[in-house]
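Okay, here's what each chain looks like letter by letter:
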Amino acid sequence: MNGAEMVPESSAKTPTGQRPELLVLRALKLGDLLVAVPALKALRRAYPGHRLRYAAQGWLVEALELVGGYELLPTHGLDEPLAVEPGLVDVAVNLHGSGPESQGRVEALKARYTVAHRSVHRDGPPWRPELHERERWVRLLEWHGITADPLDVQLERPRIPSPVPGASVLHVGAAYGSRLWPAERFAAVAAALAAAGHRVVFTGGTSERGRAGEVCRLAGLPGSSVLAGGLGLGEFAATIAAARLVVSADTGAAHLASAYGTPSVVLFGPAPPEIWGPPPGPHTVLTRAELRRGDTFADQPDPALLAVQVPDVIAAIRGLGVF
């Protein structure tokens, strides 16, 4: 540990007589929540008497329930202040980043103690861009005296059952075009899996239902195989948790597969797996790093992703022992 000793658990009540509050800022998406799970679980252990809140977009509430112990503070990003009166937060934790925007939102809380990277406001560990996301936040906590394990990625099991237990899940969507593996290649993998006796389903968000339908049609599978746009976040997590296999780009689906130990093949394009890849386990990463352009927000698939061919994915599935 390079920093100060961990701030002790506060036994004082807030002015309203409630438990002291710990607030985590990470106003990002599903995958960002899931790679922060080791840090969130470490904070929960370190502050068992605190009310724990997580500031992020409201649609993540079902996923946050799977972490356990946290309440969601709906936050649309960094474009507006956090909906918390200054001085009411006991411990503030910046798991969003190290830029002035997130720093400013956290500093505005005027917490008794702040866990953050080094900035103009306070001391802390320097930001190291080469670290894996799980390692980054564990290292931050350890600098502040909080023990954490970067491999503690497991989530609680969903309370609702999977609608398709034992299915092989092809998650065909992604937030940006740079991560979209071609539909015809997903279809070829789906057809091969179906011919081998797998029950194949296609997942994605509401906006990706059309793409999922196209992949399903190209694979020659029934329309009932398309689950994209029809699952709540809890049902989606349950589907991944009970799946036989997951094939996905670097998305929340891949991180859920990591959290539940579901065998997965993860296709990487603009993002390096050294930063965002799965932990050790039944997970295989496919990419061509030497071709990576690295533009996350591009409309077209990254060359590192396009270099991954259907036989590469089939071979990876065979290597996992589920084909």
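What you are looking at is a predicted structure, and each value in this text was computed from that prediction instead of being measured. All residue numbers here refer to positions counted from 1 along the written sequence of the relevant chain. This being a predicted model, a pLDDT of at least 70 is required before a residue's local features are given, and a value of 80 or more before pairs of side-chain atoms are given or counted; all residues contribute to the totals for chains, interfaces and linings. Think of the side-chain values as coming from all heavy atoms in the structure, minus any hydrogens and water.

K.L.:
Honestly, the sheet that holds strand β9 (residues 264–267) in this entry has me stumped. Any pointers?
P.N.:
Two pairing modes exist for strands in a sheet, parallel and antiparallel, and in both the strands are linked by backbone hydrogen bonds. Read across the open sheet, the five strands follow the order β7-β6-β8-β9-β10; overall the sheet is parallel. The two strands at the open ends of the sheet, each matched to only one other strand, are β7 (200–203) and β10 (283–286). In this sheet, adjacent strand axes meet at a mean angle of 15° when their direction is disregarded. One requirement defines pairing of two strands: DSSP has to find at least two bridges between them. Runs of H or I in DSSP of at least four residues are treated as helices and runs of E of at least two as strands, each being numbered from the N terminus. In this sheet, β10 lies alongside β9 in parallel orientation, the contact comprising four bridges. Of the residues in β10, the one forming a bridge with V265 is T284. Note on contacts: a residue pair qualifies if any of its non-hydrogen atoms lie within 4.5 Å across the two residues. Fitted lines through C-alpha atoms serve as axes, helices being fitted only where they are in contact, and the angles separating the N-to-C directions of these axes extend from 0 to 180 degrees. Each of β6 (168–171), β7, β8 (245–249) and β9 touches helix α6 (residues 183–195); the most contacted strand, β6, lies at about 175° to it. On the sheet, helix α9 (residues 252–260) packs against β6, β8, β9 and β10 and is oriented at approximately 145° with respect to β8.

K.L.:
It is not clear to me how the packing of aromatic side chains should be interpreted in this structure. Could you clarify?
P.N.:
The description of an aromatic ring pair rests on the distance of the ring centres and on the angle between the ring planes. For Phe, Tyr and Trp, where Trp contributes only its six-membered ring, two rings pair if their centres lie within 6.5 Å, and the inter-plane angle classes them as stacked under 30 degrees, edge-to-face over 60, or tilted in between. One pass over the full model with this rule turns up three aromatic pairs. Summarising the aromatic geometry, the rings of W181 and F186 are spaced 5.2 Å apart at their centres and angled 90° between planes, so their arrangement reads as edge-to-face. Residue classification places W181 among the buried positions, given a relative accessible area of 0%. Remark: exposure states derive from per-residue accessible area (1.4 Å probe, protein chains only) relative to the maximum for the residue type, with buried under 20%, exposed over 50%, and partly exposed in between. For F186, a relative accessible area of 2% puts it in the buried group. For a lysine, the NZ atom is tested; for an arginine, the CZ atom; a charge sits over a ring if that atom is within 6 Å of the ring centre and within 35 degrees of the ring normal. R136 extends its terminal NZ or CZ atom over the ring of W127, reaching a point 4.3 Å from the ring centre.

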